[in-house]
Each structure stands twice: as C-alpha cells, then as structure tokens.
Amino acid sequence: MSEKCPCCSGKQYSLCCEPYLSGAELPVSAEALMRSRYTAYVQKKAAYLVSTWYPGQRVPEMEQLLSESFHDTQWLGLTVTCCNHGSQENEAFVTFFARYLEKERPAALYERSRFLREDQRWYYVDGTSPEVGRNDRCPCGSGKKYKKCCG
C-alpha cells in the first residue's frame, strides 16, 4: 500500500497525483491539475510545474527560479475550498488554501487559480488572492474566524 498523496485528497499517491507527475496520464480536471501542481511543489519537481503552466505565461528562466525557491520552503497542507467552471467550456477556477514554512516561518497562500484547457490538456494560467474579512471563517478550514487563526 502506498503512502497518502501530498495533495491532501485522502487518496493513495499511486491512485492520485503519481500518474500525472510520472507522465502516465494527464489531469482530467482543473482541480486534479491544481492538486498535482501542489504535489509537484512538495516533491520539488520544477519541470512538471513548468510543463503545466500555460505556454503564454512561461518565462525562459522559470524552471531555474522554481528550483531555487524549493530550498527554503516546506509545504504543510492543502485545502481546496471551491471549484467553478469559467465563462467558457475550456476555463475553470480552483480556490485553495495552502500552508507552508518559508525559512522556518509559517505562511499561507490563499488563491483563486485560473485554468485553461487546450487540446484536451489543462494548464495553470494565473491566480488572484480572494479578500478575507477579519470576522470571516478562515479559508484554511479550521472553522475559526480568520483573525483568530491565520490572519
């Protein structure tokens, strides 16, 4: 039996993100791609991250920049809060909250990521940070108010 997938889906790694990161399969949805990208960050797989970035958004030094960022970052957990279709059939949005340590300091990423599908393949395009009010529930999934949790 294999270990649990780093993407926090609750599934075994071999049945979740491994087929995507190994190149055996393509993610079937924007959420599957987002989870596999998170796993690639955990496993420090810059080449996979670059290959899943929308081609028009890539820069030549992207793989090197990603690789350099891995040294000081430890990913701790992922919570997917929402998945939506876009205004077109080939567009989708995934909102997530990811916790990590950067240079041993706790940090978090709260993002609404945009994905596009071209030739039956999903790509990450970009993301925005949703607004969180002090008294809103924390997007990390703790059930606490943001100001008493990650805020």
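Peer 1: Explain the environment of L49 here, please?
Peer 2: As for its placement among the helices and strands, L49 is situated in helix 3 (residues 46–51). On the basis of relative accessibility, which here comes to 0%, the residue L49 falls in the buried class. It is 17 Å that separates the C-alpha atoms of L49 and L109, two residues lying 60 residues apart in sequence. Setting aside residues up to four positions removed in sequence, L49 forms contacts with R37, A40, Y41, L66 and F70.

Peer 1: Looking at this structure, how should I read the side chain of R35?
Peer 2: Residue position: R35 is located in helix 2 (residues 30–43). If we ignore the near neighbours within four places in the chain, the residues touching R35 are C7, C8, S9, C17, L78 and V80.

Peer 1: Which parts of the structure should I look at to understand the packing of aromatic side chains?
Peer 2: Two descriptors summarise a pair of aromatic rings, namely the distance from one centre to the other and the angle between the planes of the rings. Within this structure, the stated rule accounts for 8 aromatic pairs. For the ring pair Y38 and W75, a centre distance of 5.7 Å and an interplane angle of 75° mean the geometry is edge-to-face. Note that Y38 is positioned in helix 2 and W75 in strand 1 (residues 73–85), a separation of 37 residues in sequence. Note on accessibility: Y38 and W75 belong to one class, buried. One residue, R37, lies across the ring of W53, its end atom 4.7 Å from the ring centre. A cation sits over an aromatic face here: R112 above F93, 3.9 Å from the ring centre.

Peer 1: Looking at this structure, I do not really get unusual backbone geometry. What am I missing?
Peer 2: Leaving glycine out, the prevailing phi sign among residues is negative, and the prevailing peptide bond configuration is trans. With a phi close to 55°, K103 is a non-glycine residue in the positive phi region. Inspection of the secondary structure assignment puts K103 in the loop between strand 2 (91–102) and strand 3 (105–118). For K103, a relative accessible area of 60% gives the class exposed.

Peer 1: What's the story with the sheet that holds strand 2 in this structure? I'm lost.
Peer 2: One open sheet accounts for 4 strands, arranged 1-2-3-4; its pairing is antiparallel. Strand pairing shows two members of the sheet lacking a second neighbour, strand 1 and strand 4 (121–128), which therefore form its edges. For this sheet, the mean angle separating the axes of adjacent strands, direction not counted, is 30°. Where strand 2 meets strand 3, 12 bridges bridge the pair, whose relative direction is antiparallel. When the bridges of strand 3 are listed, T95 appears paired with R112. Helix-sheet contacts for helix 2 involve strand 1, strand 2, strand 3 and strand 4, and the interaxial angle to strand 1 is about 175°.

Peer 1: How do you make sense of the side chain of R37 when you look at a structure like this?
Peer 2: Locating R37 in the fold gives a position in helix 2. One buried charged residue, R37, forms no salt bridge at all, with the nearest opposite charge on E111 at 7.2 Å. Non-local contacts of R37, meaning those with residues more than four positions away in its chain, are made with Y48, L49, T52, W53 and Y124.

Peer 1: Looking at this structure, how should I read the nonpolar core?
Peer 2: One broad trend across soluble globular proteins is that nonpolar side chains are buried collectively. Judged by nonpolar contacts, the single largest core of 32 residues is most densely connected at C7, C17, L21, Y41, L66, L78 and F115. Put simply, the parts of the chain that give this core at least two residues each are helix 1 (18–21), helix 2, helix 3, helix 4 (62–70), strand 1, strand 2 and strand 4. For C7, the contacting residues outside a window of four places in its chain are C16, C17, R35, Y38, T39 and L78.

Reading the values: the criteria
Positions within a chain are numbered from 1, following the residues in the order the chain's sequence is written. Totals for whole chains, interfaces and linings use all residues, but because this is a predicted model, local features are given only for residues with pLDDT of at least 70 and pairs of side-chain atoms are given and counted only at 80 or more. Heavy atoms from the whole structure form the basis of all side-chain values; hydrogens and water molecules are not counted. A run of H or I in DSSP becomes a helix once it reaches four residues, and a run of E becomes a strand once it reaches two; helices and strands are each numbered from the N terminus. Think of it in three bands: residues with accessible area under 20% of the maximum for their type are buried, residues over 50% are exposed, and the middle band is partly exposed, with areas taken using a 1.4 Å probe on protein chains only. Residues are treated as being in contact if the distance between any of their heavy atoms lies within 4.5 Å. Note on aromatic pairs: the rings of Phe, Tyr and Trp (six-membered ring only in Trp) are paired at centre separations within 6.5 Å, and the planes decide the class, stacked below 30 degrees, edge-to-face beyond 60, tilted for the rest. Charges are assigned to positions over rings by a cutoff of 6 Å between ring centre and Lys NZ or Arg CZ, combined with an angular limit of 35 degrees from the ring normal. Only when DSSP finds a minimum of two bridges between them are two strands counted as paired. Simply put, an axis is a line fit to the C-alpha atoms, just over the touching stretch for a helix, and the angle between two N-to-C directions goes from 0 to 180 degrees. Counted as positive: Lys and Arg. Counted as negative: Asp and Glu, with His and the chain ends omitted from the count. Salt bridges are defined by distance alone: a side-chain nitrogen of Lys or Arg within 4 Å of a carboxyl oxygen of Asp or Glu. Within this scheme, the nonpolar core is defined by two criteria: the residues are buried Ala, Val, Leu, Ile, Met, Phe, Trp, Tyr or Cys, and they are joined through side-chain atoms within 4.5 Å.

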